[in-house]
Amino acid sequence: ILRHLPKCFDNVHNLKFRLDEKDEPTKQAIGMFSGEKDYVAMDGECSCDGAVEAWLQNVVDCMRLALQKEFRDSVAGYDEKPRAKWLFDQSAQNTVMVTRVFYTQEMNEAFDQMEEGNDNALKDFYQKQVNFLLDLIQLINGELLKNDRKKIVTLCTIDVQDRKSV
């Protein structure tokens, strides 16, 4: 069944299984890999035993929980590190999603500040976005793994489009 995962799930190409004491894989999945080898750990173990339709549904449920957990953890950790360091700790999908959430939140806060009389709120927000973009450009000019480079190029593209909207 594992060789058919890419046909069943969009860009889930393999599962990582817990190993037993003999270093043999068990039927307990502990993570999933994308086609680009991006890894997301499961939130606990996911049983892949029994009837195929039952364990595939269990995999779907575990995938949802894993992405929800990664999203919650990423949101909580977003302000703890500089964005240019934080993004290396996340899967590509999650990085894009969380940065979009914070962009929207910060844009709304800038509008609220303008309503409260801060005439520089959008200018400050714009400068923050330019600084984010400069940080990403600096990263691109350095040594990166292939997947990290893809992730950063994607964020650059999105940030350039965001900057045009401010």
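As a starting point, this report considers the structure included with it. Values in this document were obtained by computation on a predicted structure and should not be read as measured data. (Residues numbered from 1 in each chain as written. Predicted model: local features only at pLDDT ≥ 70, side-chain atom pairs only at ≥ 80, totals over all residues. Heavy atoms only, no water.)

Another point: the pairing of strand β2 (residues 25-33). In this sheet, β2 lies alongside strand β1 (residues 14-19) in antiparallel orientation, the contact comprising five bridges. In the strand pairing of β2, N14 is matched with F33. Count of turn residues in the β1/β2 antiparallel hairpin: five residues, of which D23 carries a positive phi of about 60 degrees. Hairpin geometry of β2 and strand β3 (residues 39-47) is characterised by an intervening segment of five residues between the two adjacent antiparallel strands and by a positive phi of about 70 degrees at K37. (Pairing = 2+ DSSP bridges. Helix = DSSP H or I, 4+ residues; strand = E, 2+ residues; numbered from the N terminus.)

Ranked by size, the top nonpolar core spans 18 residues in total, and within it F9, L15, M32, M42, C48, V59 and M63 carry the most contacts. Counting only elements with at least two residues in this core, the list comes to β1, β2, β3 and α2 (52-77). The element that contributes the greatest number of residues to this core is α2, accounting for seven residues. For M42, the contacting residues outside a window of four places in its chain are L15, A29, I30, G31, M32, C62, M63 and A66. Core analysis: the second largest hydrophobic core is formed by eleven residues, F102, F132, L133 and L136 among them. (Core = buried A, V, L, I, M, F, W, Y, C linked by side-chain atoms within 4.5 Å. Buried < 20%, exposed > 50% of the residue type's maximum accessible area, 1.4 Å probe, protein only. Contact = heavy atoms within 4.5 Å.)

With that settled, the discussion passes to the packing of α2 against helix α4 (residues 92-115). One way to put it is that α2 packs onto α4 with a least axis distance of 10 Å and a crossing angle of 50 degrees. As the angle between them shows, α2 and α4 are arranged oblique. Between α2 and α4 the crossing geometry is right-handed. Taking contact as the criterion, the partners of L67, E70, F71, S74 and V75 in α2 are, on α4, Q93, N94, M97, V98, V101 and F102. Among the residues forming the contact of α2 with α4, the class breakdown is seven nonpolar, three polar and one charged. (Axes fitted to C-alpha atoms, helices over the stretch in contact; angles between N-to-C directions. Parallel < 35°, antiparallel > 145°, perpendicular 65-115°, else oblique. Left-handed = near helix turned anticlockwise from the far one by under 90°. Nonpolar A, V, L, I, M, F, W, Y, C, P; charged D, E, K, R; others polar.)

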